[in-house]
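Coordinate analysis (summary)
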2 protein chains.
Amino acid sequence: MLNEFCKKPLWEVSRTLADVAMGRKPAELVIKGATLVNVCTKELLKNVDVAVAEGRIAMVGDCAHCVGDGTTVVEAKGKYLAPAFMDGHIHIESSMLTASEYAKAVLAHGTCAVFIDPHEICNVLGFDGVRYMLEDAARTPLKTILTTPSCVPAVPGFEDTGASVGPEDVAETMKWKECAGLGEMMNFPGILSSDERTHAIVGETLKAGKIVTGHYSVPETGSGLNAYIASGVRCCHESTREEDALAKMRLGMYAMFREGSAWHDLKEVGKAVTNHDIDSRFACLVSDDAHPHTLKEQGHLDHIVRRAVEYGIDPVEAIQMVTINVAQCFELEHDLGSIAPSKCANMVLLDDLNSCHVTSVWIDGDLVAKDGETIAKWEAYTYPEKATHSLHLSPLELKDFEIPHAGDSVKARVIEAIGGKTSTIERFATLPVKDGKVQADAGQDVLKAFVFERHHETGKRGYGFLKGFGIKEGALAQTVSHDAHNLLVVGTNDEDMLLAANELIRVGGGMIAVKNGKILGEVPLPIAGLMSEKSLDEMVALVSNLETAWKDMGCTLPSPFMTMSIIPLACLPELRLTNRGVVDCRTFRFVSPIVED
Amino acid sequence: MLNEFCKKPLWEVSRTLADVAMGRKPAELVIKGATLVNVCTKELLKNVDVAVAEGRIAMVGDCAHCVGDGTTVVEAKGKYLAPAFMDGHIHIESSMLTASEYAKAVLAHGTCAVFIDPHEICNVLGFDGVRYMLEDAARTPLKTILTTPSCVPAVPGFEDTGASVGPEDVAETMKWKECAGLGEMMNFPGILSSDERTHAIVGETLKAGKIVTGHYSVPETGSGLNAYIASGVRCCHESTREEDALAKMRLGMYAMFREGSAWHDLKEVGKAVTNHDIDSRFACLVSDDAHPHTLKEQGHLDHIVRRAVEYGIDPVEAIQMVTINVAQCFELEHDLGSIAPSKCANMVLLDDLNSCHVTSVWIDGDLVAKDGETIAKWEAYTYPEKATHSLHLSPLELKDFEIPHAGDSVKARVIEAIGGKTSTIERFATLPVKDGKVQADAGQDVLKAFVFERHHETGKRGYGFLKGFGIKEGALAQTVSHDAHNLLVVGTNDEDMLLAANELIRVGGGMIAVKNGKILGEVPLPIAGLMSEKSLDEMVALVSNLETAWKDMGCTLPSPFMTMSIIPLACLPELRLTNRGVVDCRTFRFVSPIVED
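Residues numbered from 1 in each chain as written. Chains lettered and ligands numbered in written order. Predicted model: local features only at pLDDT ≥ 70, side-chain atom pairs only at ≥ 80, totals over all residues. Heavy atoms only, no water.

All right, on to the nonpolar core then. By size, the foremost hydrophobic cluster in this structure holds 402 residues, and its most contacted members are Phe257 and Met347 of chain A together with Phe257 and Met347 of chain B. Residues within four places of phenylalanine 257 of chain A in sequence aside, it is in contact with Ala245, Met249, Leu266, Val269, Gly270, Val273, Ala283, Cys284, Leu285 and Val286 of chain A. (Core = buried A, V, L, I, M, F, W, Y, C linked by side-chain atoms within 4.5 Å. Buried < 20%, exposed > 50% of the residue type's maximum accessible area, 1.4 Å probe, protein only. Contact = heavy atoms within 4.5 Å.)

Below, the structure is given as structure tokens:
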């Protein structure tokens, strides 16, 4: 694949690089005397210099002759010099930050490139939203590489989204210079069943010579996994068991070991490498989702490398998994992923190998971060009105939260959420009916829940009942509600639900907790209802405050907004609630929340 | 890079592959119960089945459900199933065989793909010759992948060739579906000196997103090697020392360990892997040049893998070096180089791992060779007249071999060839002058030598004196004379030289030995003066006969036709003879063969 991810293409600067290596021109930057983390040969090599010009590496070795007037010389004795890190699969939207603020956060931790799948913003704003994100990202030094969202909507026919993606859209985006391939192909049932349109989406990517990234989330390593890989999917970050990751690598699929904010798979899947004497070139480390507090308190890939080392993976091997292996997965190794002549000068200095403590970060030869702070500056991007006014929903009224029913009580179908898990359980409960309206029942921990379509003012809404949150009194609402990101409102009483919903409509989306007519916590997310232009520190404070509010309301779930956010995701078992109603995801049928015996 | 090297593109057959893996359609071929040589994870995995459809692998694992009516089932219990082998750098012309006959020879040894650099035929016939070779090759199952000749002529200004290659030619061929990159960039001095045209030739390859193959033949691992790699050259087969190969891999260059007919580098350079605990993903095994007797008696990559194992390289690692590593070098690993779902079904069955004894070979799912015999059939290709009448030279006369000089004797500059080495030594000798003509002197082992331009009837010719062949009486001639492939004639007397030269002119080129007016041995090479349409067995017999003739004439050199063939190659030290005269390759100046004190 032609590389668009460097400061300058190699063919424009090759003569200069030769001049520098040969000592005819001075390098712009020389890093001296480091211990090189050589990811090509998996070695530590002492006392190595690196010379850089035009954003690329001209020489690795003794570079004394490359130093001249104007050369910046960095003494690195006693430090480790490694390629800067690359995350093979992430969703910026999970950080709730803009692409810029996300870049600012991760650059300081040694990340030089992220392969993004912006399917959240794409569900809301279509490819306009994707372009906004790319334009924002392009101002930063972070190489923000697109994998085109493949499954928008996630579950066609069961929800209303702001956009949909077909093979022709994929074909078009494959021409974009920022695009390296296709985003996670979550519709593995479509692949396995040889669905024509799903295969066409993959096919348009293959025709462009680009990479299809995967999402095979079932613990199965036989026919299904083979069919999935045979169809052209090259990597997958969804392994949760040692044997799944091992099977994928053995089948020539890049197994991306995930250590995100919500899903901590690395400890288990890392055993695929530590328990087996294998060539690990098909292993990568990825974050998938990183929330503000993770980025703030733990870091990004530096944190994941630390975890990998803690779990017994050799440090140099772990660094291969965030550098050269990622580059080879995307067939970009000719430009990215190693410290070698001709490659982009993306490098980190580490104080210590095991702790992976990053002290300096260069991208394309420019120092972008130092001592944990991003020092690169760039002009702010203003998201257009389409992005900042994406909640197309008029203020609601009390009657919007009424569930009429005759009699004194009713048998209801209830969705029970489980803390820290993605699945739900189908339950049944008898709920009181008052004045002809079904009531929530905090005593049984059953809340009323509504999803309001918010993209095209269709007025479509679904309702149901939720269990497992532990809320005694009040309401929660959020527009981060995968993948359609309609407005989800749950609560014990209609008044608090109304307030929560209308406040989010007022601010353009976000997450909120309300009790007795009072807003206890609120995270406004005015960009597509998913992200904020606020800084990482501000977002950490807001989210932390919201979490406290939830706890105060009696919520017992860990990261409750995560559990909330996937209540509408109609591809996960057992029951889900979308803006069209309750879906039984075992049979893919709508079911009634009220059970008439 | 988009792959043009499979029977069908993946996007056309992905639904069928999914159908087969899921058991909805029967596979065309199932290989059962083999021990899989898994080059992805560097493991041996017992009792593995592989299912194939549409030329590609649908499933690896338990494939019982993929067998149906019409499925060919191969029982492979007790055998090893490995990806078929790929040679990352070869010149078909060295085999003296056509592309078809070459394919027939190597398929039986498990080779499925060769990355050819047809710079010999290109020097003679330009890109017409390259196309002839590709058209011939395209009828065979051998994936004959082009790397465009980069250095035609090899040494501009010092010889006359049939063609020349510039950046615009390279740009044009990069569009060819058979092309994966640029052939060996032998002009490393041009790269190191930042020569604009040389960098442009590399640049056109990089612009096309393709691979630049290298030739860095000096034992230097500092500035020069760095400058060379920094300029975009991705691999090199010219290492002769352990430290050279190691340095290249450490610098992210694919080190191609060579074990050819003429050059046996593997024993030494293999130590880069066996003496160092390194990740060997950047190591490949290549042949570069294989003569008929090597192909006949030893094999191809199977032979080189055997040697590698003998030199201490782990057998699975050695097989990685002729499969997945080669595929990754050319960024074709998404389709080639491993036995994994979606990949082309290029596979070999081996009786035994250490001896690498190939018993069956499949390419794109078709059985092409069995028990050492190529069983695939294809229609013969007829090389056009331009190829078979490439010796544009009228019959010579005795006076063409006269070197006039006054007096009784003359001091001559003599080129001494050294058996088994590429270099020559400058010597001086006093030669007799008879009837005003300088004479050869077999007593001093000094022969007269002539190179006649034979491409454009320019009449340009060079003469000189040769030492080291040991010929007592007679003449040798050949049109295999790198890289311009002009007509080289050497001998003790003019009559034999005349006969040798005119016989080659009559048959359209080749190699010949003449003594006392009698042809003792002759290998006609009527295709471009380089190759024959004869079979491998016939060529082995002819070459063997010629070698016997040489020996009978007193020649003491091993493989004397190799030593002969590089006498005109004006990029190797010290002295060379081209059709323009004697070149001192230390100073790149013409020097006189007659030394006037």
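From this point on, the discussion continues.
Residues and elements named next belong to chain A. Tracing the backbone through its elements, the reader meets histidine 91 in the loop between strand 6 (85-90) and helix 2 (99-107). Judged by relative accessible area, histidine 91 falls into the buried class, the value being 3%. For histidine 91, the side chain forms a polar contact with the side chain of histidine 89, separated by 3.2 Å. There is a polar contact of 2.7 Å between the side chain of histidine 91 and the backbone oxygen of aspartate 117. With residues up to four places along the chain from it excluded, the contact list for histidine 91 reads Asp117, His119, Glu184, Asp288 and Asp289. (Helix = DSSP H or I, 4+ residues; strand = E, 2+ residues; numbered from the N terminus. Polar contact = N/O pair within 3.5 Å; in protein donor to acceptor, adjacent residues only side chain to side chain.)

On to the sheet that holds strand 25 (residues 510-515) of chain B. Residues and elements named next belong to chain B. With mixed pairing, the nine strands of this open sheet are ordered in space as 20-19-18-22-21-24-23-25-26. Across the chains shown, the open sheet's two edge strands, defined by having one partner strand only, are strand 20 (437-438) and strand 26 (518-524). Across six bridges, strand 25 lies against strand 26 in antiparallel orientation. The residue of strand 26 that forms the bridge with alanine 513 is glycine 521. Contacting strand 21 (446-452), strand 23 (475-478), strand 24 (487-491), strand 25 and strand 26, helix 16 (residues 494-507) crosses the sheet at an angle of about 150° to strand 25. (Pairing = 2+ DSSP bridges. Axes fitted to C-alpha atoms, helices over the stretch in contact; angles between N-to-C directions.)

Here the focus is the packing of helix 1 (residues 10-21) of chain A against helix 7 (residues 223-230) of chain B. Closest axis-to-axis distance for the helix 1 of chain A/helix 7 of chain B pair is 8 Å, and the angle between their directions is 175°. Taken together, the axes of helix 1 of chain A and helix 7 of chain B are roughly antiparallel relative to one another. Residues Leu10, Leu17, Ala18 and Ala21 of chain A of helix 1 of chain A touch helix 7 of chain B, and the partners they reach there are Ser223, Asn226, Ala227 and Ala230 of chain B. Of the residues belonging to the contact of helix 1 of chain A with helix 7 of chain B, the class tally is six nonpolar, two polar and no charged. (Parallel < 35°, antiparallel > 145°, perpendicular 65-115°, else oblique. Nonpolar A, V, L, I, M, F, W, Y, C, P; charged D, E, K, R; others polar.)

Turning to the relation of the copies chain A and chain B, a few remarks are in order. Note on the identical chains: chain A maps onto chain B by a rotation of 180° and an axial translation of 0.0 Å, with an RMSD of 0.0 Å. When the rotation and shift are considered jointly, the pair of chain copies conforms to a two-fold rotation axis. Mapped onto chain B, 100% of the interface residues of chain A are again interface residues, and the two copies thus contact each other with one and the same surface. (Least-squares fit on C-alpha atoms with pLDDT ≥ 70 in both.)

This part is about the pairing of strand 13 (residues 283-286) of chain B. Two faces belong to every sheet, and in a regular strand the side chains alternate between them. Residue and element names in this part refer to chain B. The alternating pattern of strand 13 places Ala283 and Leu285 on one face and Cys284 and Val286 on the opposite face, and all of these are buried. Bridge count for strand 12 (residues 254-258) against strand 13 is four bridges, and the pairing is parallel. Looking at strand 13, one finds that alanine 255 is bridged to alanine 283.

Taking 1.5 Å per residue as the helical rise, helix 3 (residues 119-138) of chain B with its 20 residues ought to reach 28 Å, whereas the 18 Å between its terminal C-alpha atoms falls clearly short. The largest bend along helix 3 of chain B reaches roughly 135° and is located at leucine 125 of chain B. (Expected span 1.5 Å × (residues − 1). Bend = angle between axes of the 7 residues up to and from the residue.)

Each side of the interface is counted separately: chain A has 65 residues, and chain B has 65 residues. When chain A packs against chain B, close to 5300 Å² is buried across both sides, 54% of that on carbon and sulfur atoms. Considering only the surface of chain A that becomes buried against chain B, Arg15, Arg250 and Arg281 of chain A emerge as the three largest contributors, covering 12% of it. Inspection of the chain A/chain B interface yields four salt bridges. For glutamate 333 of chain A, the salt bridge identified is with arginine 234 of chain B, shortest N-O distance 3.0 Å. (Buried area = accessible area lost by both parts, 1.4 Å probe. Salt bridge = Lys/Arg side-chain N within 4 Å of Asp/Glu carboxyl O.)

Our next topic: helix 16 of chain B. Residue and element names in this part refer to chain B. The end-to-end C-alpha distance of helix 16 is 20 Å, a good match for the 20 Å that 14 residues give at a rise of 1.5 Å each. Along its buried surface, helix 16 packs onto strand 21, strand 23, strand 24, strand 25 and strand 26. The residue sitting at the N-terminus of helix 16 and contributing the capping side-chain oxygen is asparagine 493; that oxygen lies 3.3 Å from the backbone nitrogen of glutamate 495. In the stretch just after helix 16, glycine 508 is the one whose phi turns positive, near 90°.

We now examine unusual backbone geometry. For the bond from valine 152 of chain A to proline 153 of chain A, the omega torsion is -5°, close enough to zero to count as cis. With respect to the element layout, proline 153 of chain A can be found in the loop between strand 8 (143-148) and helix 4 (167-173). Across the junction of histidine 482 of chain B and aspartate 483 of chain B, the peptide omega takes the value -20°, indicating a cis bond. Mapped onto the secondary structure, aspartate 483 of chain B falls in the loop between strand 23 and strand 24. Backbone geometry at aspartate 435 of chain B places phi at a positive 50°, although glycine is not the residue there. Its location among the elements puts aspartate 435 of chain B in the loop between strand 19 (424-434) and strand 20.

In this section: the pattern of salt bridges. Note on pairing: side chains with opposite charge can pair once their charged atoms come close. All names here are of chain A. Evaluation of the coordinates by the stated rule reveals 79 salt bridges over all chains. We note a salt bridge from arginine 258 to glutamate 238, for which the minimum N-O separation is 3.1 Å. Pair noted here: arginine 258 is in strand 12 (residues 254-258) and glutamate 238 is in the loop between strand 11 (235-236) and helix 8 (242-250), with a separation of 20 residues, a long-range link. Judged by relative accessible area, glutamate 238 falls into the buried class, the value being 13%. Across the pair arginine 241 and aspartate 244 runs a salt bridge whose closest N-O atoms are separated by 2.8 Å. One network of salt bridges, in which partners are shared, links Arg413, Glu426, Glu574, Asp584 and Arg586.

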